[in-house]
Every structure is written in C-alpha cells, then in structure tokens.
Amino acid sequence: MTDVPNGREPDGRDPNGRRALLPAFPSGVFRRLRRARFYPRSVRARSALAAAFAAAVLFTSGALLMRHQLYDERLRAASSVAHQQVDTLLSVTAYASIGGPWGAAPYEIVADDGVLLASSPELEPYEKDGRAFLPGPGRGGSLPLYTRRRFMFPTVAEPAARSLSGRTVTTVDGTVPASYLPGETQGRGVAAGARVRVYVLIVPDDAERAVGQLDGELVVAVPLATALVAGVAWLATRRALRPVEAIRARTASVTATDPRERVEVPDTADEVAELALTINATLQRLEEAATAQRRFVADAAHELRSPLATLLAGLEVATAYPDRADWTAVVSAAGRQARRLSGLTEELLLLARLDAGAPPAPAERVDVAALAGRLAEEYAERAGGSPKVDLLVAAPDTQTTVFAAPGDLERILRNLLDNALRHAVGRVLLTVARDSAAPGSVLCTVRDDGAGVAEADSERIFERFTRLDESRTRTDGGTGLGLAIARDLAARHGGLLVLAVQPEGSGACFVLRLPAEDPMPIRPHPFKGRGRSARPQPL
C-alpha cells in the first residue's frame, strides 16, 4: 500500500474506508495558519482593540436595554389606551350606536354566537357574512372586565389589515349584558338576556415605530462611540508608552563596553518610573561588571607578565653569557617562575568556571576535623616550625562532618592556610568545632599572629588580585586570588567565609561556616568583581 499524504487513499477515503466530507489540505497550509497572527502586534493597537471590544459590548448591551425599555414603555401606553377605549365604548354604546370607525385602537363588539355589532376597518378583512372574527362571550358564567386574551390573526393581503396580518395580538375586553348597551343592540336581533363583549386590540405599531427610530440612531451612535473609545485608548496608551519608548531608545544606545548611559526617570511614581529605576540599576550593575572585568583582565595580564618577564630575562642573560651562567640556578629560577605561572593559570581557570556557573563537583560526607588534621601536619612539616602550625578540635567526640565536595573543601582550607603562613610571625592555629550559634553547622577558624587586617579592609581582601601590603613582592605575596576563590567555593556549598573582628595587632582570624546537611539547591553566584557582602563577625 502506498503512503498517501494525510493518511487518505487517492479516492479520498480514510484508512477505515470512510469518505472524507472535505478534501484533504496539504499539511503546510495548516502550519501556516497556525503560525499566522490575526491580532495586532503593538501594545497600542491591542489596547485600543481591547477597549473597543469592551466598549462595543457595553454600548450594545446598553442599546439593547434602552430598546427593550422603550418598547415596553410604548406597549404599556398602548395598553392603557386600550383600557380607556374599552370604558369609552361601553359608555358610548349605552346610548347610541357607534355607526363607524371610532377610537385610536382597533376594536370589535361581538354578541352571543359571534354576532358582529361593530368593528374598526382593520378587522373587516377577517369578518365574513356579518360574523365577527373574535369569539363571542357565550352564555352563563361571570362578566369579566378588562380581561386580556391573545389571538393569532392569519395573513391577508388587504392593506387595511396590514397592522394585524400574521400577528399574535393581545386584546383587552369587557363583557356586559346586552341590556347595558341598548344603543348598539336594539334592532340587531340580540336577545334581551344575551351578552356583549367589547374587544380593543393592543397593536404594537407605535412601539415598533419608536424602536425603529431608536435603532436608526443607535446604529450610528454605537459604532461612533466605540470608535471614539478606541481612539482615546490608542492616544492614552501612546502617551503612556512615550516614556517607555524613550527608555527603549536610551537603553538601545548602551553598549557593554561603555554602559555609562542612564535613562531618564519620569516624575510619575508609577510602573514606568519603577521600570526606569530598575533599568538604571541594571545598567549600574552592568557598568560595575564591565569595570570589574576590565580590571580583572588588566590584573591577570600584569600577574602573568611578571613571571614571564622574569623567566625571559633570566634565560636571555644565560644565553648571552653561557660560559658565566650558573645553569643550575637558571633552571631552578625558571622552574619557580613556571610553577608560579602554572598555579596562576589554574586559579584563573577555576575562577572562570566559578563565574560561568559550572556545576559543582559531586558532594559527599567529609570529616572536617580529619581533613584539617592532615593539612595541619602537612603545613607544619613544610614550615619547619617557623611559624608553628597547630590544630585544635573542640570536643573531639563531636561529629564534624559536612556535605561538600572534598576537593573544594580542601582548596578552601589550603588557601586560608597559605595566607596565614605568609603573614604569621610565630604561630598559625586551625580550629574545628560545631557551631553553637548556628546549630547544624561546622565552624572552622584559621588564625595567625601577624599584623592583622584593618576593619576597613575586611571586605576588600576578598576582592580578586588584592594585596594590602604593597611593600611585599609578588613572588612572596601570592597572586591575590586565594581568598576570593575560597569565598566563592564556600558560597557554592551554602557556607560563609568572613574575617572576624580582632583587636589591633593581634593577627587575622578567618571564620568558615559550613552547613552539616546538604545545602541543595547549590546556586553559584555570578562574579561581580568583589567578594560577597558580609560584615566582619565577632568571635
């Protein structure tokens, strides 16, 4: 069986053998119809269309209500006229015969057995051989007055019956004894004990004429009013969006390399003003990020240039004077600079991964006390007793495990210990304990007995490529990235790294707080050029 588009056979039948009611269209037609947009794209047009639709619904409902009320009012007026005409006919015929058309509404006076006594010209086409069209009152029973009845008038061609032809009409009638109407019944063969009924028809001609006139006015007024509302909505939306257009134009002129432009904040205290403030705040952050990125690139280039220049100078001197060069020292110096370049490159790559929001390494249960003990022994051996590296674990029997990536946690502690060893005079103290101030957390502190850090610089030291001691050489002072990396890694694991407030001259104390449980979801924060805001924490 051949494959047929839309699953139909060439003769138009579907796979079940049924013939399609409509021919199969190419599938591309429906795709184009689905993609087509039949509503306006601009906010002004959509607002005007919505206002026009709401106005059309409101005005149309009001027009229908007005039309209905007018029709009912005119119909009630016709009913009142019919009641008055019944009274008048009953009083007039008590003394004399009407003798022809009388009154504003069609009427018919009928005796028993359908004997026609009088009628208006509108009913003559329906009256045959002196017989009335409307039924007589009959004999016996009560004599009701102002009774309403409905009668269906067949369609006739005579012009006189135009107002009644093919309509169902309500009548108001009154039934009295024939003796009450001697002026109309005498000499007409009506027995003395018979009854006579006077019918007056409530014809809605006047109501329909009034409604027709109102319709002619509403057909013009409703569309004009709807168009007026749409026009006002268009202009109001255009005026309201004028500041938005100015904001868009100004924002479009902002570039990532020079985001110093700011949008004008309208003095309206509305949503547009809030939008302008938000955009200005976003541009401010963009400018700060661009400035931080330029500073970062410049600092990174400078940091890379220094070891490269030292390496290149040493090799060039040794090459120029090969006989007098101490090649062992040259190779050793080149190795130191190469290792410095390798470490700096690794730190830059790590920062790039942190800034890009790369997923963290797999986390697992890590015993912080055990990791701190191993690192304390390693750094004590490396320092050779100067300075002295000690480990203090408060309450050794207390569980000090956290849920973290082992490599990241070790990197944090190494960076803190490296920083402490560079500044310590005689001692570095690493402590691990359960955090009593924040149950469910583990607290690590790294103290040194160096010169310490001024409180004003307690946050600046976490900025990238920051060195507070300008007199230190770059070879001895590190890259200035260790503390920034440590804070970023701590934040990725739901922790916090701050510099505690210390008395002047008593050294520096870095406090690391890590949650003992899984801090999911881990949300890496983007780099803004500075460390995460945190106030110095007192011990």
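What comes next concerns the included structure.

Thresholds applied
- Residues numbered from 1 in each chain as written.
- Predicted model: local features only at pLDDT ≥ 70, side-chain atom pairs only at ≥ 80, totals over all residues.
- Heavy atoms only, no water.
- Buried < 20%, exposed > 50% of the residue type's maximum accessible area, 1.4 Å probe, protein only.
- Helix = DSSP H or I, 4+ residues; strand = E, 2+ residues; numbered from the N terminus.
- Pairing = 2+ DSSP bridges.
- Core = buried A, V, L, I, M, F, W, Y, C linked by side-chain atoms within 4.5 Å.
- Contact = heavy atoms within 4.5 Å.
- Axes fitted to C-alpha atoms, helices over the stretch in contact; angles between N-to-C directions.

## Brief notes about the pairing of strand E5 (residues 195–202)
Within E5, eight of the eight residues are buried, which leaves the element mostly enclosed by the surrounding structure. Here E5 shows no split at all, with Arg195, Arg197, Tyr199 and Leu201 on one side and Val196, Val198, Val200 and Ile202 on the other all buried. Here strand E1 (residues 107–111) pairs with E5 via five bridges, running antiparallel. Residue valine 110 lies in a different strand from E5, and its bridge partner there is arginine 197. The sheet contact formed by strand E4 (residues 168–177) and E5 spans eight bridges and is antiparallel. Among the inter-strand pairings, threonine 171 is bridged to a residue of E5, identified as leucine 201.

## Points about the nonpolar core
Within the largest apolar cluster, 48 residues are counted, with the highest numbers of intra-cluster contacts made by Leu409, Val428, Leu497, Phe510 and Leu512. At eight residues, the largest contribution of residues to this core is made by helix H7 (residues 368–383). Those residues in contact with leucine 497 that lie beyond four places of it in its chain are Leu416, Phe462, Leu483, Ala486, Arg487, Ala490, Phe510, Val511 and Leu512. Formed by 20 residues, the second largest nonpolar core is a distinct cluster that contains Tyr107, Ile109, Val172 and Ile202.

## Some points on the environment of glutamate 158
Note on placement: glutamate 158 falls in the loop between strand E3 (145–152) and E4. Taking the C-alpha atoms as reference points, glutamate 158 and glutamate 122, separated by 36 residues in sequence, lie 9.2 Å from one another.

## Focus: the sheet that holds strand E12 (residues 509–515)
Hydrogen bonding along the main chain pairs the strands of a sheet, whether they run parallel or antiparallel. Read across the sheet, five strands follow the order E7-E9-E10-E12-E11 without closing on themselves; strand pairing throughout is mixed. Strand pairing shows two members of the sheet lacking a second neighbour, strand E7 (388–393) and strand E11 (496–499), which therefore form its edges. With direction set aside, neighbouring strand axes in the sheet form an average angle of 15°. Of the strand pairs in this sheet, strand E10 (residues 441–448) and E12 are connected by seven bridges, and their pairing is antiparallel. The partner of cysteine 444 across the bridge, within E12, is leucine 512. On the sheet, helix H10 (residues 482–492) packs against E11 and E12 and is oriented at approximately 140° with respect to E11.

None of this, on its own, says anything about what the molecule does.
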